Amino acid sequence: MKGSIVRIVLIGVAALGAAALPRGAVIVPAGDPAPREIRIVVKDMTFYVDGQDMPNPMLRVKAGERIRLVLRNEDAGMTHDFAVASWKVGTRALMDKGEEDALVFRVPYQRGTTPYHCTPHSEMMRGTIQVE
Amino acid sequence: MIPFSRRSWLRLAGLGTAAGAGLLSARSLAGQAKSGAYDAIHHAAHAMGPVGRVSTDLFDPSGFLRAWNFSNLAPDKRSRFYRETPRPDGTLLREYEIIAVDREIEIAPGVFFPAWTFNGQVPGPTLRATEGDRVKVTFLNQGSHPHTIHFHGWHPPEMDGSLPEHQVMPGGRFVYEFDAEPFGMHLYHCHAVPLKRHIHKGLYGVFIVDPKGEPRPAADELIMVMNGFDTNFDADNEVYAVNTVAHHFMHDPIRVQVGSLVRMYVVNLTEFDLINSLHLHGMFFDVYRTGTSRQSTETTDTIMLCQGERAVLETRFRYPGRFMFHAHQSEFAELGWMGLFEATGARRDT
Amino acid sequence: MTPETPAARESPARLWLAALLPLLLLAGLLVVMLKTMPSDALRSDGAPPVERLSIQRAVLTADGIVLSVLNDGPDAVTIAQVVVDDAYWSFSTEGGSVLRHLGRTRLVIPYPWVEGEAHVVKILTSTGTTFEHEIPVALRTPEPDARHLLAFTLIGLYVGVIPVALGLLWYPLASRLGRTGLDVLLAVTIGLLLFLLIDAAHEGIEKAGALPGSFQGVALFVAGAAGAYLTLEWVGAWLRQRRAGARAAGSPGAILALLVAVGIGLHNFGEGLAIGAAFALGEAALGTLLILGFTLHNTTEGLAIVAPIARERPSVATLARLGLIGGVPTIAGAWLGGLVYSPVAAVLFLGLGAGAIAQVVVQISRQMAGGRPVAERFATAPVMVGLFAGFAVMYGTGMLVG
């Protein structure tokens, strides 16, 4: 009896723990320095670095660097996201004006360039990430 | 409503009446209800119309009136969507970038419609060329369904954007290229199937071809697209408007000058209803059907247009003040297709 | 095998733990679900919310139309515009325009409605979904006051008390009938009650279907009916037991008459609710002849009450008491329906009435059968004629009112 109660508690806690895992989280080891933040804004179906005018700009990052990419949607009524297909990372789709999502990831060690895009508007909202 | 069987409420009615025969008169209740029931609401005619305002940040129906070839954009942004290059024969090559995108738009205060749009707006951007110009439209489909652009006007069959092989898949591109002719007031719309849905979801716009040689007389020119929205998808429109937003011009009248020539480019892009109309209060206008002739065909104050039909209307305001214009189908008018002109300047009797 | 049950060996604390553990885990699971919303995984991004508004009541006042609206769907709904007879109309809300699950609001629409004509009010939500409410005949909605209490009392008297009392006047006739005559009379009663049962079930299920889904109208109706049936069964057994203790020879007829009166009373309460509500909702049109139909129709209810006690010698007071039990609830129902109408309560009470009548039908059948199989007892010409006659009378008088 006692053993069975303990088992039930363990199963229950495990189930809760599994259910409580946030969706799509990238688990980052503790103790790392704070990631570098890049703020991207979508306006008129175009990516901009927050505060800059260059449309769909090239983003420069360092190999192995930890990045916290914050995407803000300024296009009312349109759904946008930010995805890097080759690294299999992306924000969730932002539907409302002013909505934000953050993406934390570690840049792969391979140098070179890789494209980023908005999934629903990949033909006009796309740019390049340069890994240095 | 709480559906009482006919029996139960008739039953009650009988009883009420019978009760009236006794100690108190049910009729007196009814009578009391009758007296003065309408005093307050009879003065509430101004209560007609929707509550609140639609934000014009995204799309301003008033700005749409007087914008073509992306003239509403700053030069650097405009060049992304529109470029003109002179050609040896004196005509222009006009290059456009048109993008189909899904967007939720506000069509009446607080009512959002999941539209399919050209360049994020309904109606799509107005294209305007001169007869003989070369028009080159790069179409990029960033929507969730196959789309096309079908222009009204002379063009070869492969530029028609109507047959199954003309469909541009999501993520795909197509370049439409043709000479602008004949001069007149035309339109463009998506011709993917089901046609009705692709049009009523918002994939349409105005295509004006100006006559070459001597232009039309200078005028205050207004683009007016009569459209409707079926918000609950029952093949019946819940919202009617000119330039998308219900009752917009009731709050923001179209400002014109007394005595100046006003030219309206009017097209009916309403789905589900066979016809639509425009009625202008307090004056008459000259009609140029489809705008393909320099000779006016009639002078009237009410013009009826079938789906896809259009006309150029010209008038001069005689009196300063506000003049209503609306569909003469009262239902359309009260569901949003109603607006005001506001004329300023000294009165001119002719 | 030990004779002790496992529970007997456990300490109470452990038993409590065993009982509460699943509940604690369930609570934890609910918290996790609320935090992570697993259903979002099933809904794609941008899927429109499930919108369901129930328009519960339209009140027509001197200032226009007042709609009571309930959000019956799982998601929040934002009321964006109101369209009356195909025209956008201004409105104000008492309770806001954003409704959560089971949230309520009232829309005050200054619309110049026209007496005696039909109007259609349509609500447009922020997603463009529409919900319609038809006002079939526009009449100013009476506001409840002392005058209306009096009116509802009169209505109750006419539909409930007086017809039942008139029916009771058949007692002298019923008491002179022979064995066969009494059987026929009881059979007529069963016919009458069966009609009422069908009527109540029909109205109850129909109203249940119109209730917002969250209230699960049919389940409510069935629960009401089953509850009333079993309660009356229990009350009947208790009364018989008490009488058996008090006197050697009980009076099954008196108990039966009481049960019939209670059943009819519950039924009439439901009727009163519907009547009061219809009056309050302004769904009443005027028709002077109908009262005759009602008096005829409901008079037969009194007959149903006296039939079981035809062989006994009830006092006038007993008869009066039975009549009041059967009739007075109509007045209470009319008050309740007219002053604080709730369609949920109406379904519940119609269910109670249906259950009560069903129990009474079974009870009378048992008494008539006297231990023999019911079908055998009923398969005689006089009883069949009586059954049919009872049903036919109700059907015929019912036509007068509907």
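Residues numbered from 1 in each chain as written. Chains lettered and ligands numbered in written order. Predicted model: local features only at pLDDT ≥ 70, side-chain atom pairs only at ≥ 80, totals over all residues. Heavy atoms only, no water.

A. Highlighting the overall build of chain A. Secondary structure summary: chain A contains one helix and nine strands in total. In sequence order, the secondary structure elements of chain A are arranged as α-β-β-β-β-β-β-β-β-β. The buried share of chain A, reckoned over its 132 residues, is 38%. When contacts within chain A are restricted to residue pairs at least 6 apart in sequence, those whose partners lie at least 24 apart make up 62%. Within the structure as shown, chain A displays about 7400 Å² of accessible surface, and the carbon and sulfur contribution to it stands at 57%. (Helix = DSSP H or I, 4+ residues; strand = E, 2+ residues; numbered from the N terminus. Buried < 20%, exposed > 50% of the residue type's maximum accessible area, 1.4 Å probe, protein only. Contact = heavy atoms within 4.5 Å. Areas by Shrake-Rupley, 256 points an atom, 1.4 Å probe, with all protein chains shown as cover.)

B. Structural detail: the overall build of chain C. Looking only at helices and strands, chain C has 14 helices and nine strands in total. Here chain C holds 402 residues, and 48% of them are scored as buried. In chain C, the proportion of contacts linking residues at least 24 apart, taken out of those at least 6 apart, comes to 75%.

C. Looking closely at the packing of aromatic side chains. Residue and element names in this part refer to chain B. Under the criterion given, the structure shown has 26 aromatic pairs over all chains. Ring centres 6.1 Å apart and planes at 75° place the aromatic pair Phe-178 and Phe-207 in the edge-to-face group. Placement of the pair is Phe-178 in strand E7 (residues 173-179) and Phe-207 in strand E9 (residues 204-210), with a sequence separation of 29 residues. Ring centres of Tyr-240 and Phe-332 lie 4.1 Å apart, and the angle between their planes is 10°; on these two criteria the pair is classed as stacked. Here Tyr-240 is found in strand E11 (residues 239-242), whereas its partner Phe-332 is found in helix H7 (residues 330-334), with 92 residues between them in sequence. According to the relative accessible area criterion, Phe-332 is buried, its value standing at 4%. (Phe/Tyr/Trp six-rings, centres within 6.5 Å; stacked < 30°, edge-to-face > 60°.)

D. Up close: the sheet that holds strand E8 (residues 184-189) of chain B. Sheet architecture is open: four strands sit in the order E4-E9-E8-E6 (chain B), paired in mixed fashion. Taken across any chain shown, the strands that pair with only one partner, and hence form the sheet edges, are strand E4 (127-130) and strand E6 (150-151) of chain B. (Pairing = 2+ DSSP bridges.)

E. Highlighting the environment of Trp337(B). Residue placement: Trp337(B) occurs in the loop between H7 and strand E20 (338-344). Once residues within four sequence positions are removed from consideration, Trp337(B) is found in contact with Met226(B), Tyr240(B), Ala241(B), Val242(B), Asn276(B), Ser277(B), Leu278(B), Phe325(B), His326(B), Ala327(B) and Phe332(B).

F. Structural detail: the sheet that holds strand E15 (residues 285-289) of chain B. All names here are of chain B. Reading across the sheet, the six strands line up as E11-E10-E13-E18-E15-E16 and stay open at both edges, with mixed pairing between neighbours. Each edge of the open sheet is held by one strand with a lone partner, namely E11 and strand E16 (298-300). Strand-to-strand twist across the sheet, computed as the mean angle between neighbouring axes with direction ignored, equals 25°. (Axes fitted to C-alpha atoms, helices over the stretch in contact; angles between N-to-C directions.)

G. Inspection of the environment of Leu150(C) at higher detail. Residue and element names in this part refer to chain C. By secondary structure assignment, the location of Leu-150 is in helix H4 (residues 146-168). In this structure Leu-150 comes out as partly exposed when scored by relative accessible area, which is 41%. In the structure, Leu-150 is positioned 185 residues away from Trp-335 in sequence and 9.2 Å away in space, judged by C-alpha atoms.

H. Geometry of the pattern of salt bridges. Residue and element names in this part refer to chain B. What the rule picks out here adds up to 33 salt bridges over all chains. The salt bridge partner of Arg-128 is Glu-221, with a shortest N-O separation of 2.8 Å. Taken together, the positions of Arg-128 in strand E4 and Glu-221 in strand E10 (residues 220-229) put the pair 93 residues apart, joining distant regions of the chain. Relative accessible area serves as the criterion here: at 8%, Arg-128 is assigned to the buried category. (Salt bridge = Lys/Arg side-chain N within 4 Å of Asp/Glu carboxyl O.)

I. A look at a negative patch on the surface. On the surface, Asp234(B), Asp236(B), Glu331(B), Asp86(C), Glu132(C) and Glu134(C) cluster together into a patch of negative charge. Along the polypeptide, Asp236(B) turns up in the loop between E10 and E11. Relative accessible area serves as the criterion here: at 33%, Asp236(B) is assigned to the partly exposed category. (Patch = residues over 30% accessible without salt bridge, like charges linked within 9 Å, V, L, I, M, F, W, Y side chains within 5 Å. Lys, Arg positive; Asp, Glu negative; His and termini not counted. Charge placed at Lys NZ, Arg CZ, Asp CG, Glu CD.)

J. Representation of the confidence of the model for chain A in the model. Considering every residue of chain A, the mean pLDDT works out to 83; 76% of them sit at 70 or more. Segment residues 20-27 of chain A is flagged for pLDDT under 50; beyond a separation of four residues in sequence, or across chains, it makes five contacts in the model. (pLDDT = per-residue confidence, 0-100.)

K. Here's a closer look at the nonpolar core. Counting residues in hydrophobic clusters, the biggest one holds 60 residues, and the most contacted among them are Met224(B), Met264(B), Leu278(B), Leu313(B), Trp337(B) and Phe341(B). Here this core takes six residues from E10(B), the largest share from any one element. Once you skip the residues sitting within four places of it in the chain, Met264(B) turns out to touch Leu222(B), Met224(B), Leu280(B), Ala311(B), Val312(B), Leu313(B), Thr315(B) and Phe341(B). Within the second largest apolar cluster, 57 residues are counted, among which are Val49(A), Ala63(A), Phe105(A) and Ala192(B). (Core = buried A, V, L, I, M, F, W, Y, C linked by side-chain atoms within 4.5 Å.)

L. Spatial organisation of the packing of H4(C) against helix H11 (residues 329-339) of chain C. All names here are of chain C. One way to put it is that H4 packs onto H11 with a least axis distance of 8 Å and a crossing angle of 140°. With respect to their mutual orientation, H4 and H11 come out oblique. Regarding H4 and H11, the two cross each other, and that crossing is right-handed. Residues Leu-149, Phe-152, Thr-153, Gly-156, Leu-157, Val-159, Gly-160 and Val-161 of H4 form the contact with H11, whose own contacting residues are Thr-330, Ile-331, Ala-334, Trp-335, Gly-338 and Leu-339. Looking at side-chain class alone, the contact of H4 with H11 contains nine nonpolar, five polar and no charged residues. (Parallel < 35°, antiparallel > 145°, perpendicular 65-115°, else oblique. Left-handed = near helix turned anticlockwise from the far one by under 90°. Nonpolar A, V, L, I, M, F, W, Y, C, P; charged D, E, K, R; others polar.)

M. Summary view of a nonpolar patch on the surface. On the surface, Trp16(C), Leu20(C), Leu23(C), Leu24(C), Leu26(C), Leu29(C), Leu30(C) and Met33(C) cluster together into a nonpolar patch covering about 790 Å² of accessible area. Within the element layout of this structure, Leu24(C) appears in helix H2 (residues 12-36).

N. Quick peek at unusual backbone geometry. Residue and element names in this part refer to chain B. Here the residue pair Val-122 and Pro-123 is connected by a cis peptide bond, since its omega of -5° sits within 30 degrees of zero. Along the chain, the position of Pro-123 falls in the loop between strand E3 (111-118) and E4. Looking along the chain, the bond that leaves Val-193 and enters Pro-194 is cis, with omega of -5°. Secondary-structure assignment places Pro-194 in the loop between E8 and helix H5 (195-200). Of note, Asn-69 is a non-glycine position whose phi angle comes to about 50°, a positive value. As for its placement among the helices and strands, Asn-69 is situated in the loop between helix H3 (61-65) and helix H4 (75-81).

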